[in-house]
Amino acid sequence: MAAFAGAKLESIFHSNATAPAAAASSPLSTTHFQIKPPHRRTQRAANVVRCDSSSSSASNASSLSALQQLKTSAADRYTKEKSSIIVIGLSIHTTPVEIREKLAIPEAEWPRAIKELCALNHIEEAAVLCTCNRMEIYVVALSQHRGVKEVTEWMSKTGGIPVSEISDHRFLLYNTDATRHIFQVSAGLESLVLGEGQILAQVKQVAKVSQGVAGFGRNISGLFKHAIMVGKRVRTETRIAEGAVSVSSAAVELALMKLPQSAHSTARCLLIGAGKMGKLVIKHLMSKGCTRIVVVNRSVEKVDALREEFKDIEIIYKPVGDMMTCAGEADVIFTSTSSETPLFLKENVVDLPPVGPDVGGKRLFIDISVPRNVGSCVNEVENTRAYNVDDLKEVVAANKEDRLRKAMEAEAIIAEELKVFEAWRDSLETVPTIRKLRAYAERIRSSDLEKCLQKMGDNANNNAKKAVEALSRGIVNKLLHGPLQHLRYDGTDDRTLDETLENMHALNRMFNLETEVSLLEEKIRAKVEQQNNDELCRCDSS
């Protein structure tokens, strides 16, 4: 069997690659321990275990399996270490786009990535969050140091970037900090635009795509589900996503503030200029319910491209020569061109036909160009109002300040939800004990029920047998109710986590459940079996 660095035991469990009986024996039966006295310089680490897999291992150790030795050696400290949630991340704040794009994993490849990550020796669960601004891998690791090392090497291999370069730019967060981070990400607190909503949809997509993948386990799936809930709660309770924080969105928001509510979807809108800023104006207008807009531009090609991108809004093209005619037919005029001279001055606007009372009786010019496309003298024309970039900056600044206040409220919500999630995760430690205690009680119940039914003989009717079985189940459930209640911890009652874990250890001792060692055994055997299967597949294909 190929060398195997098992879960949490990379330095402890090694297969004997030269043993001829390896294929016939248990994967763990060829592993032997040799415990050496500690060096003088490491007296404070007196429990350190050094292991050799050579044939010179002590003969008395050969009769013991690795797990039997584990129960009696200092190595059992590994079984008591709780798995860690870790995020290995590269974001727009820490990493150049040239590196992020090489490490980016397409959505279709997320399941494959999860499987590959979970095949690493110290990784139990995994998820990938990959957007244009961040590449983050979330894992549940049996060892923090080895888990980070393995994931970083995997990233290096898949992205073709040296480990040293990834290490220079990555950030690492563990357990509570990792949980807080994904909550902040989902709430939009880590986004370039504070509180933006797209990231929540991306977190949801991770959970959707990863659902059903073997490595997207209880801890990681629970983490992402809770993060989605936190993101929704933050947006609902703080309304952090409200208020424009870009010039183009502020232009649309300002127009809607000046128009009557009833005219938001009926006002006649004109956009002059089909460049990048003009495109964003259309995007924000469409999000606010606008269904039709006239666009004046030098060429029709850019307008055709906008029609292709925004198919839910009617975009009508007009040449530059028709600009004044179009302005006379519009209630709201957005200007976004590179013209170095004003397109609208007082003399251009004074003869335009008035707008109707249904839109407030004032024609609005909202100029987001620098240099300005609309002269300030336009404000001298009756029933006409012009706004420029400086007016919009005030709206943006006010909204940013408001979002910062709301971000503080969001952090309070995150702190509250963090405690709830940590309590839930802590409670998972008792789940194996609950399962094993139920199984132990069920073995006794079914065994004694069988004896009882044999004594009743064939003369007993089915109703009587069903009644006896129901009685046995009822007795077991009532007897287990008290102990199981003391094994459940969700942070809502007076019982502390330490008390719950103390109850768990007491039940393990009383009923000899040996949960910790059994769990480790399951993890080791799963890793060994996976490695054996992979080796067989390689042999078959060669």
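See the structure printed just above.
Note that the structure is predicted; figures quoted are calculated from it, not measured.

Enquirer: If you had to explain the side chain of R445 to someone new, which residues and values would you point to?
Expert: Tracing the backbone shows R445 in helix 15 (residues 431–456). Those residues in contact with R445 that sit more than four places away from it in its chain are E469, S472, R473 and V476.

Enquirer: Can you break down the sheet that holds strand 5 (residues 269–272) residue by residue, with the values?
Expert: Within the open sheet, the six strands sit side by side as 7-6-5-8-9-10. Their pairing is parallel. The open sheet has two edge strands, strand 7 (314–318) and strand 10 (384–387), and neither has a second partner. Pairwise comparison of adjacent strand axes, ignoring direction, gives a mean angle of 20° for this sheet. Those strands touched by helix 10 (residues 276–287) are strand 5, strand 6 (292–296), strand 7 and strand 8 (332–335), and its axis lies near 160° from that of strand 5.

Enquirer: With reference to specific residues and values, describe the environment of R170.
Expert: Relative to the helices and strands, R170 resides in the loop between helix 5 (163–169) and strand 4 (171–174). The partly exposed category is assigned to R170, whose relative accessible area is 24%. Separated by 83 residues in sequence, R170 and V87 place their C-alpha atoms 9.8 Å apart. Here R170 is in contact with I88, G89, L90, V148 and T152, once residues within four sequence places are set aside. There is a polar contact of 3.5 Å between the side chain of R170 and the side chain of S167.

Enquirer: Tell me about the environment of D322, residues and numbers included.
Expert: Mapped onto the elements of the fold, D322 is located in the loop between strand 7 and helix 12 (323–328). Looking at D322, the relative accessible area reads 32%, which means it is partly exposed. The spatial distance from the C-alpha of D322 to the C-alpha of V296 is 7.7 Å, given a sequence separation of 26 residues.

Enquirer: Please provide a residue-by-residue account of the pairing of strand 9 (residues 363–367), values included.
Expert: Taken across its five residues, strand 9 has five buried, putting it largely inside the fold. Residue alternation in strand 9 divides its side chains into two sets, R363, F365 and D367 and L364 and I366, and both sets are buried. Two strands pair when backbone bridges link them, and strand 8 and strand 9 are joined in this way by four bridges, in the parallel orientation. Looking across to strand 9, one finds that I333 is bridged to F365. Relative to strand 10, strand 9 runs parallel, the two being bridged by four bridges.

Enquirer: I'd like a rundown of the packing of aromatic side chains, residues and numbers included.
Expert: How two aromatic rings sit relative to each other is given by the distance of their centres and the angle of their planes. As enumerated under the stated definition, the model contains five aromatic pairs in all. A centroid spacing of 5.1 Å and a plane angle of 55° characterise the contact between F344 and F365, whose relative ring orientation is tilted. With F344 in the loop between strand 8 and helix 13 (346–349) and F365 in strand 9, this pair connects stretches of sequence that are 21 residues apart. Both residues of the pair, F344 and F365, belong to the buried class.

Enquirer: Hey, could you go over the side chain of N219 for me, with residue numbers and the actual values?
Expert: Mapped onto the secondary structure, N219 falls in helix 8 (residues 218–238). With a relative accessible area of 14%, N219 lands in the buried category. A polar contact is formed between the side chain of N219 and the side chain of R425, at a distance of 2.9 Å.

Enquirer: Which residues make up the packing of helix 6 (residues 176–187) against helix 8, and what are the values?
Expert: At a minimum axis separation of 8 Å, helix 6 and helix 8 run at an interaxial angle of 45°. When the interaxial angle is binned, helix 6 and helix 8 end up oblique. Our pair here, helix 6 against helix 8, has a crossing hand that is right-handed. Contacts from T179, I182, F183, S186 and A187 in helix 6 reach L223, F224, H226, A227, I228, V230, G231, V234 and R235 in helix 8. For the contact of helix 6 with helix 8, a count of residues per class yields nine nonpolar, four polar and one charged.

Enquirer: So what about the pattern of salt bridges? Which residues, and what values?
Expert: Tallying each qualifying case throughout the model produces 18 salt bridges. With its nearest N and O atoms 2.9 Å apart, the salt bridge here joins K406 to D402. Of this pair, K406 and D402 are both found in helix 14 (residues 389–427), four residues apart, which corresponds to roughly one turn of the helix. Using a relative accessible area of 11% as the deciding quantity, one classes K406 as buried.

Enquirer: So what's going on with the sheet that holds strand 1 (residues 84–91)? Residues and values would help.
Expert: In a beta sheet, neighbouring strands are held together by backbone hydrogen bonds and run either parallel or antiparallel to one another. The strand order across the open sheet built from four strands is 2-3-1-4, with neighbouring strands paired in antiparallel fashion. Strand pairing shows two members of the sheet lacking a second neighbour, strand 2 (123–130) and strand 4, which therefore form its edges. Between one strand axis and the next, the sheet turns through 15° on average, direction left out of account. Where strand 2 and strand 3 (residues 134–141) come together, seven bridges link them in antiparallel fashion. When the sheet's bridge partners are listed, V128 is paired in strand 3 with I137. Along the sheet, helix 3 (residues 110–118) makes contact with strand 2 and strand 3, crossing strand 2 at roughly 150°.

Enquirer: Quick one: what's the story with helix 8, residue by residue and with numbers?
Expert: With 21 residues, helix 8 extends 30 Å between its outermost C-alpha atoms, agreeing within 8% with the 30 Å of an ideal straight helix rising 1.5 Å per residue. The element helix 8 is extensively covered by neighbouring structure, given that 15 of its 21 residues are classed as buried. A positive backbone phi angle near 55° is found at R239, which sits one or two residues after helix 8.

Enquirer: How would you explain helix 6 if you had to name every residue and give the values?
Expert: In this model helix 6 runs 16 Å from its N-terminal to its C-terminal C-alpha over 12 residues, within 8% of the 16 Å that 1.5 Å per residue would give. A large share of helix 6 lies buried, amounting to nine of its 12 residues. Those residues of helix 6 that fall on the buried side of the exposure criterion are A178, T179, H181, I182, F183, Q184, V185, S186 and A187. In the stretch just after helix 6, G188 is the one whose phi turns positive, near 85°.

Enquirer: Tell me about a nonpolar patch on the surface, and please be specific about residues and values.
Expert: Taken together, I92, L192 and V193 make up a surface patch of nonpolar side chains, about 240 Å² in accessible area. Mapped onto the elements of the fold, V193 is located in the loop between helix 6 and helix 7 (198–210). Classification of V193 as partly exposed rests on a relative accessible area of 37%.

Enquirer: Account for the nonpolar core, with residues named and values stated.
Expert: Residues V139, V151, M155, I182, F183 and F224 are the most contacted members of the largest nonpolar core, which totals 61 residues. Ranked by residue count, the leading element in this core is helix 8, at seven residues. Ignoring sequence-local partners within four residues, the contact set of M155 consists of I88, L90, L103, I137, G160 and I166. Among the nonpolar cores identified, the runner-up in size contains 34 residues, and L254, A274, L306 and F310 belong to it.

Analysis parameters
- Residues numbered from 1 in each chain as written.
- Predicted model: local features only at pLDDT ≥ 70, side-chain atom pairs only at ≥ 80, totals over all residues.
- Heavy atoms only, no water.
- Helix = DSSP H or I, 4+ residues; strand = E, 2+ residues; numbered from the N terminus.
- Contact = heavy atoms within 4.5 Å.
- Pairing = 2+ DSSP bridges.
- Axes fitted to C-alpha atoms, helices over the stretch in contact; angles between N-to-C directions.
- Buried < 20%, exposed > 50% of the residue type's maximum accessible area, 1.4 Å probe, protein only.
- Polar contact = N/O pair within 3.5 Å; in protein donor to acceptor, adjacent residues only side chain to side chain.
- Phe/Tyr/Trp six-rings, centres within 6.5 Å; stacked < 30°, edge-to-face > 60°.
- Parallel < 35°, antiparallel > 145°, perpendicular 65-115°, else oblique.
- Left-handed = near helix turned anticlockwise from the far one by under 90°.
- Nonpolar A, V, L, I, M, F, W, Y, C, P; charged D, E, K, R; others polar.
- Salt bridge = Lys/Arg side-chain N within 4 Å of Asp/Glu carboxyl O.
- Expected span 1.5 Å × (residues − 1).
- Patch = residues over 30% accessible without salt bridge, like charges linked within 9 Å, V, L, I, M, F, W, Y side chains within 5 Å.
- Areas by Shrake-Rupley, 256 points an atom, 1.4 Å probe, with all protein chains shown as cover.
- Core = buried A, V, L, I, M, F, W, Y, C linked by side-chain atoms within 4.5 Å.

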